[in-house]
Amino acid sequence: MRLIENWFSERYSDNVQLSFRVRDQLLSVKTDYQRIDLFDTYDFGKLLAIDGTVQLTEYDEYIYHEMITMMPFFHSVRKPETALIIGGGDGGAARSLLGLGVRDIVNVEIDSQVVEISKKYFPELAASFSDRRCRLIIGDGIDYVRKSEQKFDLIIIDSTDPEGPAVSLFSREFYEMCAGRLSESGIVVAQSGSPFYQRETFRMAYDGMVHAFPHVKVYTAFIPTYPSGFWSFTMGSNSAMNPVKDMVRGKYFNQEIAEGAFKLPQFMLDDVSTLKGK
Ligand code: SAM
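Think of each chain on its own: its residues are numbered from 1, step by step along the sequence as written. Where totals are concerned, whole chains, interfaces and linings use all residues; where local detail is concerned, this predicted model gives features only for residues with pLDDT of at least 70, and gives and counts side-chain atom pairs only at 80 or more. Side-chain figures throughout are based on the complete set of non-hydrogen atoms in the structure, without hydrogens or water.

J.: Explain the pattern of salt bridges here, please?
T.: When the charged atoms of two side chains lie near each other, side chains of opposite charge can form a pair. When a carboxyl oxygen of Asp or Glu lies within 4 Å of a side-chain nitrogen of Lys or Arg, that pair is called a salt bridge. A full pass over the atoms with the stated rule returns 13 salt bridges. Here E116 and K119 are joined by a salt bridge, their closest N and O atoms 3.7 Å apart. Taken as a pair, E116 and K119 lie in helix 3 (residues 112–121) at a separation of three residues, close to a single helical turn. Exposure remark for E116: the relative accessible area of 45% places this residue in the partly exposed category. R203 is the partner of E200 in a salt bridge, and the nearest nitrogen-oxygen pair spans 3.5 Å. In this pair, E200 and R203 both sit in helix 7 (residues 199–212), three residues apart, roughly one turn of the helix. Through salt bridges with shared partners, a single network forms among R199, E200, R203 and D271. Strands are runs of DSSP state E lasting at least 2 residues, helices are runs of H or I lasting at least 4, and numbering of each runs from the N terminus. With a 1.4 Å probe rolled over the protein chains alone, any residue whose accessible area is under 20% of its type maximum counts as buried; one over 50% counts as exposed, and the rest are partly exposed.

J.: When you look at the sheet that holds strand 7 (residues 104–109) in this model, what are you seeing that I'm missing?
T.: Pairing between the strands of a sheet is mediated by backbone hydrogen bonds and can be parallel or antiparallel. Pairing between two strands requires that DSSP report at least two bridges joining them. The strand order 8-7-6-9-10-12-11 describes an open sheet built from seven strands, whose pairing is mixed. Unpaired on one side and paired on the other, strand 8 (134–138) and strand 11 (215–222) mark the two borders of the sheet. Adjacent strand axes in the sheet meet at a mean angle of 15 degrees, parallel and antiparallel pairs treated alike. In this structure, strand 9 (residues 152–157) lies alongside strand 10 (residues 182–191), joined through five bridges in parallel fashion. Pairing of I157 across the sheet is with A190, part of strand 10. An axis is simply a line fitted to the C-alpha atoms; with a helix, the fit covers only the stretch in contact. Between two such axes, the angle follows the N-to-C directions and lies from 0 to 180 degrees.

J.: Could you clarify how one ought to interpret the side chain of T69 in this entry?
T.: Structurally, T69 can be placed in helix 1 (residues 61–73). What qualifies as a polar contact is a pair of N or O atoms within 3.5 Å, subject to a donor-acceptor requirement within protein and to the restriction that residues adjacent in sequence count only when both atoms come from side chains. Engagement of the side chain of T69 in a polar contact is seen with the side chain of S96, the distance being 2.6 Å. Every residue pair with non-hydrogen atoms within 4.5 Å of one another is taken to be in contact. With residues near it in sequence (within four places) discarded, T69 still touches A93, S96, L97, L100 and I156.

J.: I tried to follow the layout of surface pockets on my own but got confused; where do I start?
T.: Think of a ball as big as a water molecule: rolled over the atoms, this probe shows where empty space is left. Here the largest pocket is characterised by a volume of approximately 200 Å³. Both site types are read off a 1 Å grid over the protein atoms alone. A 1.4 Å probe that fits but cannot get out defines a cavity, while an open set with protein on both sides within 12 Å along at least five of seven lines defines a pocket; lining residues have an atom within 4 Å of a point. Taken together, 16 residues make up the lining of the largest pocket; nearest its centre are E10, T53, D161, E163 and Q198. For the lining of the largest pocket, the secondary structure elements donating two or more residues are strand 1 (6–11) and strand 5 (53–57). Amino acids outside the nonpolar list (Ala, Val, Leu, Ile, Met, Phe, Trp, Tyr, Cys, Pro) and the charged list (Asp, Glu, Lys, Arg) are all regarded as polar, and Gly is one of them. Along the lines of polarity and charge, the residues of the lining of the largest pocket split into five nonpolar, six polar and five charged. Lining the lining of the largest pocket are residues from two domains, each supplying at least three of them: domain 1 (6–57) and domain 2 (61–276). Grid points are joined across faces, edges and corners, and a volume is the space filled by probe spheres set on the points. Just so you know, the domain bounds were taken from an automatic or database domain assignment.

J.: Is there a simple way to explain the domain arrangement of the protein chain in this structure?
T.: Many structure descriptions define interface size as the accessible area lost when the parts assemble. Partitioning the protein chain into domains gives domain 1 (6–57) and domain 2 (61–276). Counting from both sides, the interface comprises 21 residues of domain 1 and, opposite them, 18 residues of domain 2. Together, the buried faces of domain 1 and domain 2 total about 1900 Å²; carbon and sulfur atoms form 70% of this surface. Looking at the side of domain 1 facing domain 2, the largest losses of area belong to Y12, Y33 and L56, adding up to 29% of the total buried there. When two parts are put together, the accessible area they lose, computed with a 1.4 Å probe and summed over both, is reported as buried area.

J.: Explain the site of the ligand here, please?
T.: Note on definitions. A residue lies near a molecule or strand when any single heavy atom of the residue is within 4 Å of it. Taken together, the neighbourhood of the ligand is formed by 22 residues, with Q34, E109, G141, P165 and Y226 sitting nearest. At 3.4 Å from a nitrogen atom of the ligand is found a side-chain nitrogen or oxygen belonging to Y64. A molecule is said to occupy a pocket when more than half its atoms come within 2 Å of that pocket's grid points, and by this definition the ligand occupies the largest cavity. Residues lining the shell around the ligand come from more than one domain, with at least three contributed by each of domain 1 (6–57) and domain 2 (61–276). Just a note on the criterion: a molecule sits in a pocket or cavity if more than half of its atoms are within 2 Å of the grid points.

J.: How do you make sense of the packing of aromatic side chains when you look at a structure like this?
T.: For any pair of aromatic rings, the description rests on two quantities: the centre-to-centre distance and the angle between the ring planes. In this scheme Phe, Tyr and Trp rings, the latter by its six-membered ring, pair at centre separations within 6.5 Å, and the angle between planes marks the pair as stacked below 30 degrees, edge-to-face above 60, and tilted otherwise. Inspection of the entire model under this criterion finds 13 aromatic pairs. Ring plane angle 80 degrees and centroid distance 5.7 Å describe the contact between F20 and F44, whose orientation is recorded as edge-to-face. Separated by 24 residues along the polypeptide, F20 in strand 2 (residues 17–30) and F44 in the loop between strand 3 (35–41) and strand 4 (45–50) bring together distant segments of the chain. In textbook terms, an aromatic cluster arises when at least three aromatic residues are bridged by ring pairs, as seen for Y64, Y219, Y226, W231, F233 and F262. Definition used: whenever NZ (Lys) or CZ (Arg) falls within 6 Å of the ring centre and also within 35 degrees of the ring normal, the charge is taken to sit over that ring. Taking NZ or CZ as reference, R21 lies 4.1 Å from the ring centre of Y42, over its face.

J.: How do you make sense of the packing of helix 1 against helix 2 (residues 92–100) when you look at a structure like this?
T.: To characterise two packed helices, one gives the angle between the axes of the helices and the distance between these axes. Direction vectors running N to C along helix 1 and helix 2 enclose 50 degrees, while the axes themselves pass 9 Å from each other. One element, helix 1, and the other, helix 2, form an angle in the oblique class. The chirality of how helix 1 crosses helix 2 is right-handed. Together, E61, H65, E66, T69, M70 and F73 of helix 1 and G92, A93, R95, S96, L97 and L100 of helix 2 make up the contact between the two elements. Tallied by class, the residues present in the contact of helix 1 with helix 2 amount to five nonpolar, four polar and three charged. When describing relative orientation, an angle under 35 degrees is termed roughly parallel and one over 145 degrees roughly antiparallel, while 65 to 115 degrees is termed roughly perpendicular and anything else oblique. The handedness criterion is simple: a crossing whose near helix is rotated anticlockwise from the far helix by less than a right angle is left-handed, and one whose near helix is rotated clockwise is right-handed.

J.: What should I look at first to understand helix 9 (residues 266–277) in this one?
T.: An α-helix turns once every 3.6 residues. As a result, residues three or four positions apart point the same way. The span you would expect from a helix comes to 1.5 Å times its residue count less one. With 12 residues, helix 9 ought to run about 16 Å at 1.5 Å a step, and its terminal C-alpha atoms sit 16 Å apart, in line with that. Along helix 9, the residues that are buried comprise M268, D271, V272 and L275. Taken down its axis, helix 9 places every buried residue within 100 degrees of arc, on the same side. With respect to the buried face of helix 9, the exposed residues turned more than 90 degrees away are Q266 and G277. Where helix 9 is buried, its residues contact helix 7, strand 11 and strand 12 (230–237). What the arc measures is the spread of directions leading from the helix axis to the C-beta atoms.

Next comes the structure, spelled out in structure tokens:
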């Protein structure tokens, strides 16, 4: 009989939460930007939470990091060589892009403590921080894009949800700034939240993208530790995005997913057509 049980719960509403039984809480720190918690969970390994929301777990982070990098990579008409990551403080997106052969990555993370925690507790994700192909900048992604002169083949907006420092990363203005930082066939991709529990986040991201880009595509993925397990990503480009033939497979990503992930439920199609028509 278990005497004491400790749980970390992410609350999706006043009446719904997802709970993880934990062996131990490894840290809790309030930074200038957010609260960061780290847990050792029984079923998902180490779990990083920011302001009470799951950012990544050891056992399922590969899904999110493959889907936010491999989908735009393999929809680029020209093999991407350069990438900008906004919010890549855990290192997962950069690790995935390096694995795809991207040779020049700028990773802009506003909170240095996220980087330090990732280096200590998620070394397999943080390897990119010591890779000469990847330049880490501690700063606000909005300021970086506003001031940068560089053009990128990929821009990955790997941010927290639209609260606190990430609010403006979901805005039309930010996506328009990103559009100006793209190479000719470049693609921007943003995590656009759970279409079920965070429908306003999805609508905000999609609305901003359709105002900033002539070509916008939405896709979804199954991420068990994210709200409802049903997650969305939104891509925008100044030119058409077509799947290439010779895709590599990941642990989650494959040719089937590269095609099937764009099939959306009707309630999302209704939002898409309403917002497209605006
Ligand atoms: N996979 C997670 C998700 O979908 O919510 C994102 C993980 S990543 C840890 C999110 C990062 O975005 C955090 O480290 C946070 O500090 C960073 N971030 C938030 N706003 C930012 C901004 N304006 N500029 C740069 N980084 C930002």
